[in-house]
Amino acid sequence: MNITLGEVIPGASYLSWLADPEVTRYLEGGGIYTLETLQVYVEARKRDAIFRGIYVDGVYVGNIKVGTIRPRHHNGDLGLMIGDRAYWGKGVGTLAITLMKALCRQEGFHVLTAGIIDSHPTSHKLFLKCGFEHVGTFHEFRWLEGRWHDELLYQIVLG
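Here is what the cut-offs are and how they apply
Residues numbered from 1 in each chain as written. Predicted model: local features only at pLDDT ≥ 70, side-chain atom pairs only at ≥ 80, totals over all residues. Heavy atoms only, no water. Buried < 20%, exposed > 50% of the residue type's maximum accessible area, 1.4 Å probe, protein only. Helix = DSSP H or I, 4+ residues; strand = E, 2+ residues; numbered from the N terminus. Pairing = 2+ DSSP bridges. Expected span 1.5 Å × (residues − 1). Salt bridge = Lys/Arg side-chain N within 4 Å of Asp/Glu carboxyl O.

Draft legend 1. Seen up close, the pairing of strand 5 (residues 111-117). The buried fraction of strand 5 amounts to six of the seven residues, a majority that puts the element mostly inside the structure. Strand direction decides the pairing type here: strand 4 (residues 75-82) and strand 5, joined by three bridges, are parallel. Note on strand 5: the bridge partner recorded for Gly76 is Leu112. Pairing of strand 5 with strand 7 (residues 147-157), which is carried by seven bridges, proceeds in the antiparallel orientation.

Draft legend 2. Molecular detail of helix 4 (residues 92-106). Across its 15 residues, helix 4 extends 21 Å between first and last C-alpha, which sits within 8% of the 21 Å expected from 1.5 Å per residue. Every buried residue belonging to helix 4 is among Val92, Gly93, Thr94, Ala96, Ile97, Met100, Lys101, Leu103 and Cys104, and all of these are buried. Immediately downstream of helix 4, the backbone of Gly108 shows phi near 90°, a positive value.

Draft legend 3. Local environment of the pattern of salt bridges. In total, this model carries six salt bridges according to the counting rule given. A salt bridge links Asp20 to Arg85; its shortest N-O distance comes to 2.9 Å. With Asp20 in the loop between helix 1 (12-18) and helix 2 (21-24) and Arg85 in the loop between strand 4 and helix 4, this pair connects stretches of sequence that are 65 residues apart. For Asp20, a relative accessible area of 17% gives the class buried. Given a relative accessible area of 42%, Arg85 falls into the partly exposed group. When the shortest N-O distance is used, the salt bridge between Glu145 and Arg25 registers 2.7 Å. Taken together, the positions of Glu145 in the loop between strand 6 (133-144) and strand 7 and Arg25 in the loop between helix 2 and helix 3 (35-48) put the pair 120 residues apart, joining distant regions of the chain. Given a relative accessible area of 29%, Arg25 falls into the partly exposed group.

Without other data, these values stay purely geometric and don't point to any function.
And the structure:
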């Protein structure tokens, strides 16, 4: 399996991922997108984030982003979405995060952070596997499925 990071494509695949409630269940963003609104979103992220498509053997399967970049402090927040469920549980997230960490090191980042809702154990395991450590908790920070959830905070010092 060859994982690469490339262009984010605001097209039919991306729109189908955003329409799938299982894919978007834990995402901060969301809402109903049209092709036009998705294109606007992608163009905005290209200006204010490091935003890449995740490709497996040339097939576009998701996105990874470092946003809320704080240039003075050389850090930013990492998030990812494996939109194509056929690739869940196959190590794609691990390899994509590894590639993004290397890119961020090249770009001069010192720290990456991530906030993950407490009810998403797969993401907690993923970020720990990728070298992040749990550094804190925002209590009752996210509203999902009719109740409050904690957000667990992770970080990695890239050096």
